[in-house]
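As a plain string of letters, each chain reads:
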Amino acid sequence: MSGACPDPPSWRHSQPLPYGRQSVSERDIAAVVEILQGDWLTTGPAVGRFEEALSDLAGAPAVVVSSGTAALHTAYAAAGIGPGDEVVTSPLTFVATAATAAMLGATVVFVDVEPDTGNIDADAAAAAMTRSTAAITGVDYAGHPVEADALSRLAHKHGAVFVEDAAHSIGGSWQGRPVGSLADLTTFSFYPTKNLTTAEGGAITSTDDDLLERARRFRNHGLVRNPAEQREPTEGGWHQEVHSFGLNYRLPDVLCALGISQLARLAVFKSRRAAIIKAYNQAFADLDAVSTPPCREGADPMWHLYALRVHDGRRAQLYDALRAQGILVQVNYLPVHWHPVFADLGYRRGICPRAEQFYAQQLSLPLFPEMTGNDVERVASAVRAFFGQP
Ligand SMILES: *Cc1c(COP(=O)(O)O)cnc(C)c1O
């Protein structure tokens, strides 16, 4: 590659170890530069190529959008979610999973999680179904896929769509089927801490052509270009018309080029993440005060987070102790219904006790592909030392 591009700054230049971090290679940079020198910066050929590559991985056609939040908003809009509808989801997630449904006018119904994975509990979801339920949204917490078959059956029995927020789990699979092919609508995020990045970016995959077409339209203002579908097709060659409102959620060509290049590295990221998980699990196996992430039969997770559970009530102290050593642990997540915006709507603490306990115990340790063996050792030793173990 040309000498015009300096080496990307290594995360090692900053001493602290973040909980997550992108890996950007020389080839990733070259792919972006090539687009910058070409004819299209935004909607151009890289968009379709990225969508094709995502479809190959995820096992269903894809539409790329400008963030994971945009993907959720677009998915709900494509499913026609609006006032009077209920969206059943888990509170152990980033606020966007629920906020995007609320912004469309739907009522969010929070149900509790499985005690081991932190994923939405299908029995709890079943108990919350009403005639107004329009969607069940599962979140593949930390990268471990949800019980997709049970959730899909439940949703369809009630005439609802099954949405999978797979912001954590691109490249994972469930019962041998790839994440992206399991739900009516699956959403991905390409934020830098996630499993692959386009800086900002996201995607929707769908096993339903109509839903996907509506998503594609919503991403681009709702514009209808195909004369066969227009009300006034004889208006002229320039004519485009809007039949339902949409937004500009397009992902630029420049970022799609980065996504294509990153996607080619996903298998390497996945195996490196799995190796780090294994090393952590081994390092903590003899600590009674903690538990390590579970893996259910049939799940092939793409681990985004290393979610340690601290059982002796000292999660906050461990957070402070590790941060003081430059190990920038994180907590994922504040239960969504605890956010003041939901509290003000009348959601009370205590409605999802397992999710709330999960939050109280959870700590995300550094996990990203460029961590070295020494980094993993440094984190593991610091955690062990906190619990008085050499
Ligand atoms: C990151 C994330 C989102 C939002 O994605 P952005 O690309 O940051 O908008 C949604 N849901 C979950 C579970 C996430 O982790």
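In this text the structure is predicted, and so the values were computed from the model without any measurement. Sequence order as written defines the numbering, with residues in each chain counted from 1. Only residues with pLDDT of 70 or above have their local features reported here, since the model is predicted, and side-chain atom pairs are shown and tallied only from 80 upward, although totals for entire chains, interfaces and linings are computed over all residues. Only hydrogens and water are set aside; all other atoms, that is, all heavy atoms of the structure, feed into the side-chain values.

Caption draft 1: Region of interest: the site of the ligand. Gly68, Thr69, Asp165, Ser189 and Lys194 are the nearest of the 15 residues found near the ligand. What qualifies as a polar contact is a pair of N or O atoms within 3.5 Å, subject to a donor-acceptor requirement within protein and to the restriction that residues adjacent in sequence count only when both atoms come from side chains. Separating an oxygen atom of the ligand from a side-chain N or O atom of Ser189 is a distance of 2.7 Å. Between the ligand and the protein, one listed contact pairs an oxygen atom with a side-chain N or O atom of Tyr333 at 3.2 Å. Starting from 380 Å² of accessible surface for the ligand in isolation, the protein chains cover 91%. Cavities and pockets are defined on a 1 Å grid built over the protein atoms alone: a cavity is a set of grid points where a 1.4 Å probe fits but cannot escape, while a pocket is an open set with protein on both sides within 12 Å along at least five of seven lines, and lining residues are those with an atom within 4 Å of any such point. To decide whether a molecule occupies a pocket or cavity, check its atoms: if more than half lie within 2 Å of the grid points, it is inside. A molecule is said to occupy a pocket when more than half its atoms come within 2 Å of that pocket's grid points, and by this definition the ligand occupies the largest pocket. With three residues, helix 3 (residues 68–78) is the single largest residue contributor to the shell around the ligand. By the convention adopted, Pro, Cys, Tyr, Trp, Phe, Met, Ile, Leu, Val and Ala count as nonpolar, Lys, Arg, Asp and Glu as charged, and the other residues, Gly among them, as polar. In terms of residue class, the shell around the ligand is made up of five nonpolar, eight polar and two charged. Note on definitions. A residue lies near a molecule or strand when any single heavy atom of the residue is within 4 Å of it. Surface accessibility in these figures is a Shrake-Rupley result with a 1.4 Å probe; residues are shielded only by whichever protein chains are displayed. Only runs of H or I of at least four residues qualify as helices and only runs of E of at least two qualify as strands under DSSP, and these elements are numbered from the N terminus.

Caption draft 2: Seen up close, the pattern of salt bridges. In what follows, salt bridge is the name for a side-chain nitrogen of Lys or Arg lying within 4 Å of a carboxyl oxygen of Asp or Glu. The full count for this structure, using the stated rule, is twelve salt bridges. For Glu213, the salt bridge is made with Arg216, and the minimal N-O distance between the two is 3.0 Å. Here Arg216 and Glu213 lie together in helix 7 (residues 209–219), a separation of three residues that amounts to about one turn. Residues participating in the shared-partner salt-bridge network are Glu114, Asp116, Glu147 and Arg296.

Caption draft 3: Just the domain arrangement of the chain, in detail. Domain parsing of the chain yields domain 1 (2–21 + 266–386) and domain 2 (26–263). The domain limits used here are those given by an automatic or database domain assignment. Each of domain 1 and domain 2 was reduced to a C-alpha centroid, and the two centroids are 25 Å apart. Listed as interface residues are 42 residues of domain 1 and, on the opposing side, 45 residues of domain 2. Buried area, as used here, totals the accessible surface that two parts lose on assembly, with accessibility defined by a 1.4 Å probe and the loss added over both. Both sides of the domain 1 and domain 2 interface together cover about 3600 Å² of buried area, and 60% of this is carbon and sulfur. Our count for the contact surface shared by domain 1 and domain 2 stands at four salt bridges. A salt bridge links Arg296 to Glu147; the shortest N-O distance between them is 2.8 Å. Taken together, the links from domain 1 to domain 2 amount to 24 residue pairs in polar contact (both at pLDDT 80 or more). Within the residue set of the side of domain 1 that touches domain 2, elements represented by two or more residues are helix 9 (266–284), strand 14 (299–300), strand 15 (306–310) and helix 12 (353–361). Ranked by residue count, the leading element in the side of domain 1 that touches domain 2 is helix 12, at five residues. The residue makeup of the side of domain 1 that touches domain 2, split by class, is 26 nonpolar, seven polar and nine charged. Residues count as neighbours in contact if any of their non-hydrogen atoms are within 4.5 Å of one another.

Caption draft 4: Region of interest: the layout of surface pockets. Grid points are joined across faces, edges and corners, and a volume is the space filled by probe spheres set on the points. There is about 480 Å³ of room inside the largest pocket. The wall of the largest pocket is formed by 31 residues, among which Phe94, Val95, Ala96, Lys194 and Tyr333 lie closest to the centre. Residue assignment for the lining of the largest pocket shows that the elements contributing at least two residues are helix 3, helix 4 (96–103) and strand 9 (185–189). Along the lines of polarity and charge, the residues of the lining of the largest pocket split into 14 nonpolar, 14 polar and three charged.

Caption draft 5: Unusual backbone geometry, seen in detail. Omega for the peptide link from Asn332 to Tyr333 comes to 10°, which places this bond in the cis form. Tracing the backbone shows Tyr333 in the loop between strand 16 (327–328) and helix 11 (340–343). Backbone geometry places Gln175, a non-glycine residue, at a positive phi of 50°. With respect to the secondary-structure elements, Gln175 resides in the loop between strand 7 (173–174) and strand 8 (177–178). Taking the relative accessible area as the measure of exposure, Gln175 reaches 43% and is therefore partly exposed. The cut-offs for exposure are 20% and 50% of the maximum accessible area for each residue type, with area from a 1.4 Å probe on protein chains only; residues under the lower value are buried, those over the upper are exposed, and the others partly exposed.

Caption draft 6: Spatial organisation of the environment of Ile260. Take Ile260: it is sitting in helix 8 (residues 253–263). Distance from Ile260 to Thr198, taken between C-alpha atoms, is 9.0 Å for residues 62 residues apart in sequence. With sequence-adjacent residues up to four places away left out, Ile260 is seen in contact with Ala46, Arg49 and Phe50.

Caption draft 7: Layout of the packing of aromatic side chains. For this analysis, a ring pair means two rings from Phe, Tyr or Trp (six-membered ring only for Trp) whose centres lie within 6.5 Å, classed as stacked if their planes differ by under 30 degrees, edge-to-face if by over 60, and tilted for the remaining angles. For the structure on display, the rule yields 13 aromatic pairs. Both rings, one in Phe110 and one in Tyr347, keep their centres 5.3 Å apart while their planes meet at 70°; by these two values the pair is edge-to-face. With Phe110 in strand 4 (residues 107–110) and Tyr347 in the loop between helix 11 and helix 12, this pair connects stretches of sequence that are 237 residues apart. By relative accessible area, Phe110 is classed as buried at 8%. Relative to Tyr333, the ring of Tyr141 lies with its centre 6.4 Å away and its plane at 80°, an arrangement referred to as edge-to-face. Here Tyr333 lies in the loop between strand 16 and helix 11 and Tyr141 lies in the loop between strand 5 (133–139) and helix 6 (148–157), a separation of 192 residues in the sequence. As far as burial versus exposure is concerned, Tyr141 and Tyr333 are alike and both buried. Sitting over a ring, as applied to charges here, requires NZ of Lys or CZ of Arg to be within 6 Å of the ring centre and within 35 degrees of the ring normal. Just above the ring of Phe358 sits the side chain of Arg309; from NZ or CZ to the centre is 3.9 Å. Just above the ring of Trp338 sits the side chain of Arg349; from NZ or CZ to the centre is 3.8 Å.

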